[in-house]
Number of protein chains: 4
Amino acid sequence: MTDWLSNPFDTGPDDDKLREECGIFGVVGVSSAANFTALGLHALQHRGQEAGGIVVHDPDQGFNSVRRFGYVRDNFTSQDVMDTLPGPIGIGHVRYSTSGSKGATAIRDVQPFFGEFAMGGAAIAHNGNITNADALRRELIERGSIFQSSSDSECIIHLMARSLQRNIPERMKDALRRVEGAFSVIAMTRTKLIGVRDPLGVRPLVIGQVGDGWCLASETCALDIIGATFLREVEPGEMVVITEDKVTSHRPFEPARPRFCIFEHVYFSRPDSILGGRSVYETREAIGRELAKESPVEADVVCPVPDSGTPAAIGYSLESGIPYAMGIIRNQYVGRTFIEPSESIRNMGVRLKLNVNRALIRGKRVILVDDSVVRGTTSRKIKEMILDAGAAEVHFRIASPPTAWPCFYGVDTPQREKLLAATMTEDEMRDHLQVDSLRFISLDGLYRAVGEARGRDPDAPQYCDACFSGDYPVVPADQLERGFAMKAAE
Amino acid sequence: MTDWLSNPFDTGPDDDKLREECGIFGVVGVSSAANFTALGLHALQHRGQEAGGIVVHDPDQGFNSVRRFGYVRDNFTSQDVMDTLPGPIGIGHVRYSTSGSKGATAIRDVQPFFGEFAMGGAAIAHNGNITNADALRRELIERGSIFQSSSDSECIIHLMARSLQRNIPERMKDALRRVEGAFSVIAMTRTKLIGVRDPLGVRPLVIGQVGDGWCLASETCALDIIGATFLREVEPGEMVVITEDKVTSHRPFEPARPRFCIFEHVYFSRPDSILGGRSVYETREAIGRELAKESPVEADVVCPVPDSGTPAAIGYSLESGIPYAMGIIRNQYVGRTFIEPSESIRNMGVRLKLNVNRALIRGKRVILVDDSVVRGTTSRKIKEMILDAGAAEVHFRIASPPTAWPCFYGVDTPQREKLLAATMTEDEMRDHLQVDSLRFISLDGLYRAVGEARGRDPDAPQYCDACFSGDYPVVPADQLERGFAMKAAE
Amino acid sequence: MTDWLSNPFDTGPDDDKLREECGIFGVVGVSSAANFTALGLHALQHRGQEAGGIVVHDPDQGFNSVRRFGYVRDNFTSQDVMDTLPGPIGIGHVRYSTSGSKGATAIRDVQPFFGEFAMGGAAIAHNGNITNADALRRELIERGSIFQSSSDSECIIHLMARSLQRNIPERMKDALRRVEGAFSVIAMTRTKLIGVRDPLGVRPLVIGQVGDGWCLASETCALDIIGATFLREVEPGEMVVITEDKVTSHRPFEPARPRFCIFEHVYFSRPDSILGGRSVYETREAIGRELAKESPVEADVVCPVPDSGTPAAIGYSLESGIPYAMGIIRNQYVGRTFIEPSESIRNMGVRLKLNVNRALIRGKRVILVDDSVVRGTTSRKIKEMILDAGAAEVHFRIASPPTAWPCFYGVDTPQREKLLAATMTEDEMRDHLQVDSLRFISLDGLYRAVGEARGRDPDAPQYCDACFSGDYPVVPADQLERGFAMKAAE
Amino acid sequence: MTDWLSNPFDTGPDDDKLREECGIFGVVGVSSAANFTALGLHALQHRGQEAGGIVVHDPDQGFNSVRRFGYVRDNFTSQDVMDTLPGPIGIGHVRYSTSGSKGATAIRDVQPFFGEFAMGGAAIAHNGNITNADALRRELIERGSIFQSSSDSECIIHLMARSLQRNIPERMKDALRRVEGAFSVIAMTRTKLIGVRDPLGVRPLVIGQVGDGWCLASETCALDIIGATFLREVEPGEMVVITEDKVTSHRPFEPARPRFCIFEHVYFSRPDSILGGRSVYETREAIGRELAKESPVEADVVCPVPDSGTPAAIGYSLESGIPYAMGIIRNQYVGRTFIEPSESIRNMGVRLKLNVNRALIRGKRVILVDDSVVRGTTSRKIKEMILDAGAAEVHFRIASPPTAWPCFYGVDTPQREKLLAATMTEDEMRDHLQVDSLRFISLDGLYRAVGEARGRDPDAPQYCDACFSGDYPVVPADQLERGFAMKAAE
């Protein structure tokens, strides 16, 4: 529902949200790569709050790294720590969790991963998910590789260690050609910063210029914080190799039609980042306008579910002319779970984070705009709070289509049977949530809002929308082996 | 400017904000007073983030207390800590800083304060400021009292200890009759919960009913979080004494005309709290509307300075018809200061917290709505960021009159010479900030927005507005002794 | 039994030891009083391991203090902490526990205590116990004093606050004349260091010279660590007032015959301290010799119970000619309690700390020398370990008489009924411990060993030996009120 | 000099000591292997204080591990931690430092090391040092192995991962046949506990029986703490494979003449451990007797340098008839470094740990017995303290021969040029230390004391004594490559 649900301290009664699993950043050609990387990761913290790591290289002091659980602001701000990370080149990673051991992540699962090869060391940071990691891991262990983590990303560094190629960029191409799935990867050697996106370009990656140096980041908001200029996106299937002098572009993979993740527009990316030449905020406002056109309703006030529903709610208000208001207020100090008194408090978990603006809501017909419905558990509690406060009607408007399929490309999704939309129609969901109306934006409407005037091309979809459509652009090989059932051909 | 500037970890380049210094809560007649108090204090965290304390009493285990630096969510959520706080009655306090030793607060300054008297113990939690504390302290030391803290509030408990009265409520009346200034106090004995407001009622205090028990709190948002029903405000000059059975009302002071703090409406209170029968959010929206009427300007977009400028910006937009948009995005993960790379980054301090929505702002005439201007340092940096992003014009609209005088009634204000409005006219401030226009709401406009249709009554002002007007309803005796110069009679 | 039982982390199955409750130190006329005080307290750590505090005064920065739970080495060694304690005069305190709330000591119970008086501040550190503290506290509360701690020592500072005298040394005399019991006190004002011993001189206090300054300490080992010269003991009933220039001596009390605590010789003081002109080590060796004369036995080896039985065991060996050997080895890394496997381990608590030198003990007749028997629980387990290792015989020799009475003068003793010697004769104790023989040194023998050639003078005992004799030199008023029964007159 | 110099918090002016680098423990066939392992490691803490780790396997929950910096008592005693380590089989390791990155050990260097192989996981714990680790590491990296630590021991697990053998014991034999140097290794699979000693048996390893299970440990003191029965030593060159049912013995290496480390007798092992059928304490007492025979001197008192010189001092006293006394007292609470006052204190570093028993020493001729002289820095300071206290003469007697060569078999030694005995004769050392006499035990005397009646066999030395003789039984290949010069052939 909102960023606060991404808070690692949040142990509330439900976790009703899809979550991006990683943010990555790298920089070369600056005085202190670590200071820039810390800032860049701080700007990308919404993409992963569980842990973060930075690796740097200095000509005198070699490679150094710090990897920690917790926020960037808590781990990478003290002079003591940052002094251990000297040098002009570095990469960093923030993560929510891996495809590995959920809930029991060890520090050894925290990226960047580092390997010492015969020709020198390399470190990698990966955003995405490798869909054939199980098979790769078995094969590598058979040959005598020792895995240190439960992360799928570790396969890449072992494949690189065993490559027959003579330099690290070539070993990296070699490795990534064995890898299936979604990946944006930033790697570094002693002198080179390398950025790669998978052939479909599922996850984002951008290039910026900062002073005399260069940087790579998941989103442009990480360029803004360090005052860097946004040059361009790394293209799907492209590898860029950056030294202090220049950027060279490589094309290691077979060409493919891009399928960027459409959910980055809906929820994952920060509203002030630029995707496809437009701010994500504007796209979300456009989603709200589109939703108002598709699913109008008579009401007194349009309220966002804070904070992620806000731009779409503003768009809905502007299009519909119904006044926008903050009917739900978020507590700035969310965090841990409090002990509930024995006089148990209705919806206490949600109350810790949200409070209804009772005096405002009383007697009103309320449109609530949210970005998505995953399990539906939070939606239901919010509806109850709104009604308890005396609202006359509650109409839910959702800024994405029904989420009916899990993501296997780097997003943490519940198992399919936990997704409300996997087992119910829109009407059933409305009844389940006990609201006066419930409407999702259509898939075509979403495509229009992101700029595809003619909507989705069913023969060659312009985006990855597997979570809505069940149309998986890369076969999820490991998942099929574990029993996942793909959508039957129609 | 915004709540995030109240963050105790925020060590940014300036501190451009007035801050409420305390939030208080008390409850009686429940199974676990401490659990309720922790929740209530969590909801009041915006009133004080530096430290918090809880005192409880249990018939078997007597009085117990925990007082800690940091957030309520970090200190009062573990089972271990809460198990040390049993009992059906308790009070709590969150604080930003005291009138005592600024910047070097010791744990002994953290309230509630406790005293063991011959007839049993009592604890008190105080929101406000005692304006004759210096004189009281000198007198008490002369008589042999030993002060443990540097807090003005400690005078109250020593006056109670020395009172000749035979029970604690009477001793409390005795003590508070010697005290001048602004105070809302919650006190407890083994069986009684006591709430008092000073005769002018400068600081808020409300009564709620929860299950079979009662609670007192600074704001109604603390009732909402525990599912309590809002009964009424404690009235100015009233003392309520609450046992498990009943609430009795006392009037220990000479009657006076109330002068509630008008800044609670502008900034201090949470938008979802109810003051004077209306949500604070609605009042702030009304301030924005009033501001749009008083100071219109042609522009393309109305943007709040997040988060505290948001309701007024919405009001301005609704009144003016100029679209509302989030032109500035706040980083959810603000906190500590990062180390700046040697390639220094323009306005880095503000960048850590805010980012301009560049693609949205470019080429636009922007109205920025903020709640107040204190030193003006942050306002100037935000303006620079907006212009860097390519805005065509920047117009500041401020939801309060110029802050030209310090507060001596429980709010942390810079010394008078640091207040921008103490040394400059509105036009000089505009030039200083280098914006296209700068307008504050008028004092009468603010009074109209809070519900006084005829504006401020200059002969008998309905509110305490000393920070704007220099009209101090209680003589700040200690401050005069320290050299503060009151406004010359006109 | 041994110093390790004084370890605050030791949560073993029994606590079979008397414990000194405090060590005190003060210094004036040096560059950094805090650094000297930290060293002095470190040398006195054996007198109190639970918490420690330091108060200093600096002409520019006034009084400052730090009080913490834990070891001196952990709390008073960082530059950060010590930088907050500037100035040429300071005092410090280490404590085991107070006569107040056992087991739940709050940080507010940690000394030194500080009071701001009309003529300036003063701090005090107290070793001993006030036997009329309950009555004094009641009286002070009646008059309106607010106690912050549960410590008996706090009475002194409140009595001083209420004194009618015009300077602090006179107020201190005034206060101490109301106090009954055992006390060595170090106090400080902005310029004066004050040392006092009660009229009987129950607890130790010595004066040293360090550079151009002076210091006071519980024992001479605290002078050694800072390279100070030992001048003399503060005499029973004496108050010394020390400025940077000179030491003046006062006699505020009625003269009395001294009764120094004889147990300081047996166990409390460090073996390298000097008491009565001789090292404590030598006295303890003499006790061992005396014990060998009084209670010889045929055996193969004399072993100490480490570490406190060591000097007496050496003395016993030297006198008897039976070889000395370390039959029990102490683990250097004692500390917390480990989780016992479900296959429960015999005497695991003791095994964590001690191990028998099996190969050495097997088949031998062993004399075990220990300093005292309190509850007897540890003695019994050690005996079992020795027998398990194959010893042929076990003979206990105890370097003090049977401990049959609690101490009310600053030592932590179990209640009388928990003292083995309060309910059993020597023979019954031998049977209870199931050893081949058990002998305590006689009271006269102990007096001889400490230098009284003719033994104890029954009409005017030269020492306080209440724990052995039940002869209490100061009436324990509070204890009698709580129901303690004195020894019946004979 | 003494155990306290092994304290990791000790940051005193010198580090005048050789240090054992590791202790290892393993157990199978018990209810909770982790609880036993924690106890065993606690008993072995003297062999390594920097860090410790435990790995266990449970049929349901698989392999789990915890590795931490600090003491066993601090890391492996809480229920929370131990609950994460279920299962009937486990191994553990304590370490001082590795042959890897001294002074900057990362947690990834902390053993046991774990590897997942195709046939299941295995963990290893290593005591000793691999003398061809550099070459092995280069070779393994060339083949694509990725090292996670800087530890020489990690080679073993990578060699095992790449072995062509089909089960783990066979892979371990395969791996250890490539390894040169000194090693006692404990390994585990899901069901097997494996113990191996190198062909020379340089480092110790013993087998015990506990309940229905078995355990392996560096020393017998780790058997005593858990109540296990000592069965026998693992023999040099032997591999034992232990299941819940039985112990099988293997001989994977070419036969060789054993060369056990003689310094284990002198200093490393705990005095209550059994080596060669006798307690180490007795051996050290015998060394003292031998020393008294070889190097008598007229004196008044024999004093140990505490604590490690104690048994030899007792032996010296018994043989010579000169009384034994504790002339130097050790502070039980040693730890961190205190800030020295500007009035600098002579020998402050040593004073923090030791104090001379001044009253005892004054005017006496003192024999000081210490276990070894490494750099000589501490010896010199102790001598100064003894003379400052008024001793008439100071005679040093050292319970080992001059330490003139570094150890490359798992002991932390200074570089050769820092060893006093590498650059000075015995007489020069005496003059350097400015003592009245200085005598080391002869190498033959030491051999006699450990039980070789005819002394050292120069043609086939019975022990590894390289640190005294420069006769290295295994070529230190890596060291030679780094420039170390072996002793010239004579």
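Residues numbered from 1 in each chain as written. Chains lettered and ligands numbered in written order. Predicted model: local features only at pLDDT ≥ 70, side-chain atom pairs only at ≥ 80, totals over all residues.

This part covers the overall build of chain A. For chain A, the helix and strand inventory stands at 18 helices and 25 strands. Since a compact globule built from 490 residues should have a radius of gyration of about 23 Å, the 23 Å found for chain A is in line with a globular shape. C-alpha extents for chain A along the principal axes are approximately 70 × 55 × 45 Å. Within the span of chain A, comprising 490 residues, buried residues form 61% of the whole. Considering only intrachain contacts with a sequence separation of at least 6, the fraction spanning at least 24 residues in chain A is 71%. (Helix = DSSP H or I, 4+ residues; strand = E, 2+ residues; numbered from the N terminus. Rg over C-alpha atoms; globule rule 2.2 N^0.38 Å. Buried ≥ 20, exposed ≤ 12 C-beta atoms within 10 Å, placed from the backbone. Contact = placed C-beta atoms within 7 Å.)

On to the interface of chain B and chain A. If you look at the interface, chain B gives 59 residues, while chain A gives 59 residues. Breaking the side of chain B that touches chain A down by element, the ones donating at least two residues are α1 (33-43), α3 (79-83), α7 (221-225), β17 (278-279), α9 (280-294), α10 (310-320) and α12 (358-361) of chain B. Looking at the side of chain B that touches chain A element by element, the count peaks at six residues for α1(B). Partitioned by chemical class, the residues of the side of chain B that touches chain A number 28 nonpolar, 19 polar and twelve charged. (Nonpolar A, V, L, I, M, F, W, Y, C, P; charged D, E, K, R; others polar.)

All names here are of chain A. The UniProt entry lists Cys261, Cys407, Cys464 and Cys467 under the feature "binding site: [4Fe-4S] cluster" (unreviewed entry), expressed in the numbering used here. These annotated residues cover 207 residues of sequence, but their C-alpha atoms sit close together, with the largest distance between any two at 10.1 Å. Along the polypeptide, Cys261 turns up in strand β15 (residues 260-261). By C-beta crowding, Cys261 is classed as buried, having 26 other C-beta atoms within 10 Å. Following the sequence through the fold, Cys464 ends up in strand β25 (residues 463-464). Sequence-distant contacts of Cys464, defined by excluding residues within four places in its chain, comprise Leu200, Val202, Arg259, Phe260, Cys261, Ile262, Tyr409 and Pro473. (UniProt positions renumbered as here; feature names shortened; annotations may be inferred.)

Counting residues at the interface gives 59 residues for chain D and 60 residues for chain C. Secondary structure elements with two or more residues in the side of chain D that touches chain C: α1 (33-43), α3 (79-83), α7 (221-225), β17 (278-279), α9 (280-294), α10 (310-320) and α12 (358-361) of chain D. Ranked by the residues each element gives to the side of chain D that touches chain C, the list is headed by α1(D), at six residues.

The next subject is the domain arrangement of chain A. Residues and elements named next belong to chain A. Here chain A is partitioned into domain 1 (17-259) and domain 2 (279-332 + 347-454). Distance from the C-alpha centre of domain 1 to the C-alpha centre of domain 2: 34 Å. Taken together, the contact pairs 16 residues of domain 1 with ten residues of domain 2. The element best represented in the side of domain 1 that touches domain 2 is strand β7 (residues 120-130), accounting for three residues. (Domains from an automatic or database assignment.)

This part takes up the confidence of the model for chain A. Residue and element names in this part refer to chain A. Across chain A, the average pLDDT comes to 92, with 95% of residues at 70 or higher. Confidence drops under pLDDT 50 across residues 1-14; counting only partners more than four residues distant or on other chains, this segment forms 42 contacts. When the criterion is pLDDT under 50, residues 98-104 qualifies, and its contacts beyond four places in sequence or with other chains add up to 16 contacts. Interface predicted TM-score (ipTM) for the complex: 0.90; the corresponding pTM is 0.88. (pLDDT = per-residue confidence, 0-100.)

All names here are of chain D. Its twelve residues give helix α13 (residues 377-388) an end-to-end C-alpha distance of 17 Å, which sits within 8% of 16 Å, the value for a rise of 1.5 Å per residue. Within the sequence span of α13, burial applies to Thr377, Thr378, Ser379, Lys381, Ile382, Lys383, Met385 and Ile386. One or two residues past the end of α13 sits Gly390, with phi positive at roughly 100°. (Expected span 1.5 Å × (residues − 1).)

Attention now moves to the packing of helix α9 (residues 280-294) of chain A against helix α10 (residues 310-320) of chain A. All names here are of chain A. The contact between α9 and α10 brings their axes to 6 Å, and the two run at 50°. With respect to their mutual orientation, α9 and α10 come out oblique. The hand of the α9/α10 crossing is right-handed. Touching Tyr281, Arg284, Glu285, Ala286, Ile287, Gly288, Arg289, Leu291, Ala292 and Lys293 of α9 are Pro311, Ala312, Ala313, Ile314, Gly315, Tyr316, Leu318, Glu319 and Ser320, all from α10. Its residues placed into classes, the contact of α9 with α10 shows eleven nonpolar, three polar and five charged. (Axes fitted to C-alpha atoms, helices over the stretch in contact; angles between N-to-C directions. Parallel < 35°, antiparallel > 145°, perpendicular 65-115°, else oblique. Left-handed = near helix turned anticlockwise from the far one by under 90°.)

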